[in-house]
Amino acid sequence: MDLPVIDLSPYLEIAGKSAGDSTGLSDHIDPEYRGLCLEVSRSLRETGALLVKDPRCSAEDNDRFIDMMERYFERPEEFKRLQERRHLHYQVGVTPEGVEVPRSLVDEEMQVKLRAIPKEFQPSTPAGPDPKWRYMWRVGPRPSNTRFQELNSAPVIPEGFPEWQETMDSWGYKMISAIEAVAEMAAIGFGLPKDAFTSLMKQGPHLLAPTGSDLQRYGQVGTVFAGYHYDLNFLTIHGRSRFPGLNIWLRNGQKVEVKVPIGCLLIQTGKQIEWLTAGDCIAGMHEVVVTERTIDAIKLATQQNRSLWRVSSTLFAHIASDAVLKPLGHFAESPLAARYPSMCAGEFVEQELAIINLKGNKAEP
């Protein structure tokens, strides 16, 4: 099954004409564009994922970012560990391989659900912590007054990468812009005001958090780089990776290997959108595993003398920590609304992290 690809260009054009109007667009939108919005909400509801083409995020932008991250992850371990900030709970800088723990290893409720999945759709079983590196980079402004004050630590910039900050910020802001457009379209498709989601995202703790997986060392079929899990944030966005391996689970339980076309971005639903829609959207389950298609890409990269580090240009878009998570609009009348009690988004994140013994640490995806 191929996920639908939504071209954001028509929506961005009409949205630009109605800038500053939080409700008028959803009231007067052309039926063709409303159909696009309905397609966005339908895909997020039924598959937990969506492919988009945003003219502001080019394939060249994605390549520039991945090129830099490949060069970084290829550096020796002792160099990369200079950017490790363990005492800051990995909130900034690099997280070495073997630190992030798949939720499916520690969440007993999830393990019960796993055993109920039909054999042909079962996720791969991780042997332990994920053998991938990650770099944490904050994107966007943070509130000056908040109940959930992040550690006041400077961003970590590795030596020998003069383009680092500009490249990270540029790609991060472009992906946030794509998420905001999708969030507006989804709101319209769900029958909510256009800014129902984006107004809650302002000054959220958004994180650009690319991963690096060493396929020269771990490139065997079945190796699990990211064990079966969902994302605790609002929406997650990725540029196209040069090596396949991402599997997602549709709402009907079917397991699907994702294929991202060149120039497209992949968006996945997180737990916060599930909360805001009272379970009409559910957080999408996914994993990253070395497959036969990964092996084919490794062989081609070897022939072309390209890097064998699998980089994912992941960005986690969050609801602002002090904003209230609760079912919005008509979703508050859902019979499932009681499962999603009102609470601050920051409190929700702390509860999620506590389950995997990372309370107060980083935003584990």
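Residues numbered from 1 in each chain as written. Predicted model: local features only at pLDDT ≥ 70, side-chain atom pairs only at ≥ 80, totals over all residues. Heavy atoms only, no water.

Trainee: Any chance you could break down the side chain of threonine 146 for me, citing the residues and the numbers?
Mentor: Looking at where threonine 146 falls in the secondary structure, it is placed in the loop between strand S4 (133-138) and helix H8 (164-189). At 2.9 Å, the side chain of threonine 146 forms a polar contact with the backbone nitrogen of phenylalanine 148. Within the structure, threonine 146 has its side chain in polar contact with the side chain of aspartate 322 (distance 2.4 Å). Contact partners of threonine 146, with chain neighbours within four places excluded, come to Ser321 and Asp322. (Helix = DSSP H or I, 4+ residues; strand = E, 2+ residues; numbered from the N terminus. Polar contact = N/O pair within 3.5 Å; in protein donor to acceptor, adjacent residues only side chain to side chain. Contact = heavy atoms within 4.5 Å.)

Trainee: Explain the pairing of strand S8 (residues 235-239) to me, using residue names and the numbers behind them.
Mentor: Where burial is concerned, most of S8 is hidden: five out of the five residues are buried. In S8, alternate side chains face the same way, and those of Leu235, Ile237 and Gly239 on one face and Thr236 and His238 on the other are all buried. Taken together, the four bridges between S8 and strand S14 (residues 314-317) define a ladder with antiparallel strand orientation. Residue pairing for S14: histidine 238 is matched across the bridge by threonine 314. (Buried < 20%, exposed > 50% of the residue type's maximum accessible area, 1.4 Å probe, protein only. Pairing = 2+ DSSP bridges.)

Trainee: Tell me what's going on with helix H4 (residues 59-73), and back it up with residues and numbers.
Mentor: With 15 residues, H4 ought to run about 21 Å at 1.5 Å a step, and its terminal C-alpha atoms sit 21 Å apart, in line with that. Taken together, the buried positions of H4 are occupied by Asp61, Asn62, Phe65, Ile66, Met68, Met69, Glu70, Tyr72 and Phe73. (Expected span 1.5 Å × (residues − 1).)

Trainee: Break down the environment of valine 99 for me, citing the residues and quoting the values.
Mentor: With respect to the helices and strands, valine 99 occurs in the loop between strand S3 (93-95) and helix H6 (103-106). Taking the C-alpha atoms as reference, valine 99 lies 18 Å from tryptophan 309; in sequence the two are 210 residues apart.

Trainee: I'd like a description of the pattern of salt bridges, backed by residues and values.
Mentor: Under the defined criterion, the tally for this structure stands at 21 salt bridges. Close ionic contact of arginine 242 with aspartate 67 constitutes a salt bridge, the shortest N to O distance being 2.9 Å. Of this pair, arginine 242 sits in the loop between S8 and strand S9 (246-249) while aspartate 67 sits in helix H4, and the two are 175 residues apart along the sequence. Under the relative-accessibility criterion, aspartate 67 is labelled partly exposed at 37%. Of the charged contacts, one joins glutamate 257 and arginine 293 as a salt bridge, the two residues approaching to 3.1 Å between their closest N and O atoms. In this pair, glutamate 257 is assigned in strand S10 (residues 255-257) and arginine 293 in helix H12 (residues 292-303), connecting sequence segments 36 residues apart. Judged by its relative accessible area of 26%, glutamate 257 is partly exposed. Taking the relative accessible area as the measure of exposure, arginine 293 reaches 31% and is therefore partly exposed. It is possible to trace a salt-bridge network through shared partners that takes in Asp63, Asp67, Glu70 and Arg242. (Salt bridge = Lys/Arg side-chain N within 4 Å of Asp/Glu carboxyl O.)

Trainee: Describe the packing of aromatic side chains, listing the residues and the values that go with them.
Mentor: Taken as a whole and assessed by the stated rule, the structure comprises 16 aromatic pairs. An angle of 90° between the planes, with centres 5.3 Å apart, marks the rings of tyrosine 72 and tyrosine 135 as edge-to-face. With tyrosine 72 in helix H4 and tyrosine 135 in strand S4, this residue pair connects regions lying 63 residues apart in the sequence. We note that tyrosine 72, like tyrosine 135, is buried. With a centroid separation of 5.6 Å and 80° between ring planes, the pair formed by phenylalanine 161 and tryptophan 164 is classed as edge-to-face. Aromatic rings pair up to connect Tyr72, Phe73, Phe79, Tyr135, Phe161, Trp164 and Trp309 into one cluster. Above the plane of the ring of phenylalanine 79 lies arginine 75, whose end atom (NZ or CZ) is 4.0 Å from the centre. When the ring centre of tryptophan 133 is taken as origin, the NZ or CZ atom of lysine 80, which lies over that ring, is 4.5 Å away. (Phe/Tyr/Trp six-rings, centres within 6.5 Å; stacked < 30°, edge-to-face > 60°. Lys NZ or Arg CZ within 6 Å of the ring centre and 35° of its normal.)

Trainee: Provide a residue-level description of the packing of H4 against H8, including the pertinent values.
Mentor: For the pair H4 and H8, interaxial distance at closest approach is 10 Å and the crossing angle is 135°. As the angle between them shows, H4 and H8 are arranged oblique. Crossing of H4 over H8 shows left-handed handedness. Residues Asp61, Asn62, Arg64, Phe65, Met68, Met69 and Tyr72 of H4 lie in contact with H8, whose contacting residues are Trp164, Glu166, Thr167, Met168, Ser170, Trp171 and Lys174. For the contact of H4 with H8, the class distribution of residues is seven nonpolar, three polar and four charged. (Axes fitted to C-alpha atoms, helices over the stretch in contact; angles between N-to-C directions. Parallel < 35°, antiparallel > 145°, perpendicular 65-115°, else oblique. Left-handed = near helix turned anticlockwise from the far one by under 90°. Nonpolar A, V, L, I, M, F, W, Y, C, P; charged D, E, K, R; others polar.)

Trainee: Would you mind going over the nonpolar core in detail, with residue names and values included?
Mentor: In summary, soluble globular proteins display a tendency toward joint burial of nonpolar side chains. Membership of the largest hydrophobic core comes to 77 residues, with the highest contact counts inside it found for Met69 and Phe197. Of the residues forming this core, the biggest block, 14 residues, is contributed by H8. When residues no more than four places from it in sequence are discounted, the contact partners of methionine 69 are Tyr135, Trp164, Met168, Pro210 and Val311. Membership of the second largest hydrophobic core comes to 23 residues, among which are Phe243, Leu246, Ile248 and Val290. (Core = buried A, V, L, I, M, F, W, Y, C linked by side-chain atoms within 4.5 Å.)

Trainee: How would you summarise the packing of helix H1 (residues 9-17) against H8 if you had to cite specific residues and measurements?
Mentor: Between H1 and H8, whose axes approach to 11 Å, the crossing angle comes to 85°. Between H1 and H8, the angle falls in the class roughly perpendicular. Seen from H1, the contacting residues are Tyr11, Leu12 and Ala15; seen from H8, they are Ala181, Glu184, Met185 and Ile188. Residues belonging to the contact of H1 with H8 are distributed by class as follows: six nonpolar, no polar and one charged.

Trainee: Tell me about H1, and please be specific about residues and values.
Mentor: The periodicity of an α-helix, 3.6 residues per turn, causes residues three or four places apart in sequence to face the same way. Every buried residue of H1 is accounted for by Tyr11, Ile14 and Ala15. Looking straight down H1, one finds its buried side chains confined to an arc of 105°; they lie on one side. Projecting away from the buried face of H1 at angles above 90 degrees are the exposed residues Gly16 and Lys17. (Arc of directions from axis to C-beta.)

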